[in-house]
Amino acid sequence: MTSETTRYVALLRGINVGRAHQVDMPRLREVLAARGHGEVRTHLRSGNVVLDSPLPETELAADLAAAIEAEFGFAVPVIVRTGAEIAAVVAGDPFATVATDPARYLVTFMAEAPDRARVDALPPPEGGGEYLVRGRELYLWLPDGIAGTPLASWKWDTLLGRPGTARNWNTVTKLAALAG
């Protein structure tokens, strides 16, 4: 391993929701540190990890997924961004002037950008709310909340042809601060 490291944010999809796929955050930190990742921190129980690693993004995502499966016994999709990329998401906030409640503002992170044709084919928002796909992120402003805004129920993975994992704006800004 090279001594040059990058600060990353790893987003784990679908853990600690109900009783399925429980991941103990202190144990996860231990496992990742034992694999040679530095300054491993977690935020909340919903699968947010900040760490330093010499691995490139794709290799890091695979390494984290393998470590989680080996330790906890189930596969977990992992999306990785550099600290600088998370900072750019916050700095480039497309709904800064309209999103008044950060708990109702979501960013879905995807491993790869969706095809332009799929993005261009998205229908206009109905029933309130706004969305924007920029690069590997989907921004969703849901003024009436996740349950009350029809846009939240769209099958985004299918529409965009890419799975992703969403975080609310409070979490995104906190992760940017932790990774800064």
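Throughout what follows, the structure given in this document is the object of discussion. In this text the structure is predicted, and so the values were computed from the model without any measurement.

Cut-offs applied
Residues numbered from 1 in each chain as written. Predicted model: local features only at pLDDT ≥ 70, side-chain atom pairs only at ≥ 80, totals over all residues. Heavy atoms only, no water. Helix = DSSP H or I, 4+ residues; strand = E, 2+ residues; numbered from the N terminus. Rg over C-alpha atoms; globule rule 2.2 N^0.38 Å. Buried < 20%, exposed > 50% of the residue type's maximum accessible area, 1.4 Å probe, protein only. Contact = heavy atoms within 4.5 Å. Axes fitted to C-alpha atoms, helices over the stretch in contact; angles between N-to-C directions. Parallel < 35°, antiparallel > 145°, perpendicular 65-115°, else oblique. Left-handed = near helix turned anticlockwise from the far one by under 90°.

Here we look at the overall build of the protein chain
- Within the protein chain, the secondary structure is distributed over 7 helices and 8 strands.
- Computed over the C-alpha atoms, the radius of gyration of the protein chain is 16 Å, within 12% of the 16 Å expected from 2.2 N^0.38 for a compact globule of 180 residues.
- Referenced to the eigenvectors of the C-alpha coordinate spread, the extents of the protein chain come out at roughly 50 × 35 × 30 Å.
- Out of the 180 residues belonging to the protein chain, those deemed buried represent 44%.

Thoughts on the side chain of Thr82
- By the secondary structure assignment, Thr82 is in strand S4 (residues 78-82).
- Other than its neighbours up to four places away in sequence, Thr82 contacts Thr6, Arg7 and Tyr8.

A short note on the packing of helix H1 (residues 25-34) against helix H2 (residues 57-72)
- It is at 10 Å that the axes of H1 and H2 come closest, and there the two elements cross at 125°. Taken together, the axis directions place H1 and H2 in an arrangement best described as oblique. As H1 packs across H2, the resulting crossing turns out to be right-handed. Across the interface between the two elements, Arg27, Leu28, Val31 and Leu32 of H1 pack against Leu64, Ala67, Ile68, Glu71 and Phe72 of H2.

Side note on the packing of helix H3 (residues 83-91) against helix H7 (residues 169-179)
- One way to put it is that H3 packs onto H7 with a least axis distance of 9 Å and a crossing angle of 135°. Between H3 and H7, the angle falls in the class oblique. Like other packed secondary-structure pairs, H3 and H7 cross with a definite hand, here left-handed. On H7, the residues touching Gly83, Ile86, Ala87, Val89 and Val90 of H3 are Trp169, Val172, Thr173, Leu175, Ala176 and Ala179.

Treat this as a map of the structure, not an account of what it does.
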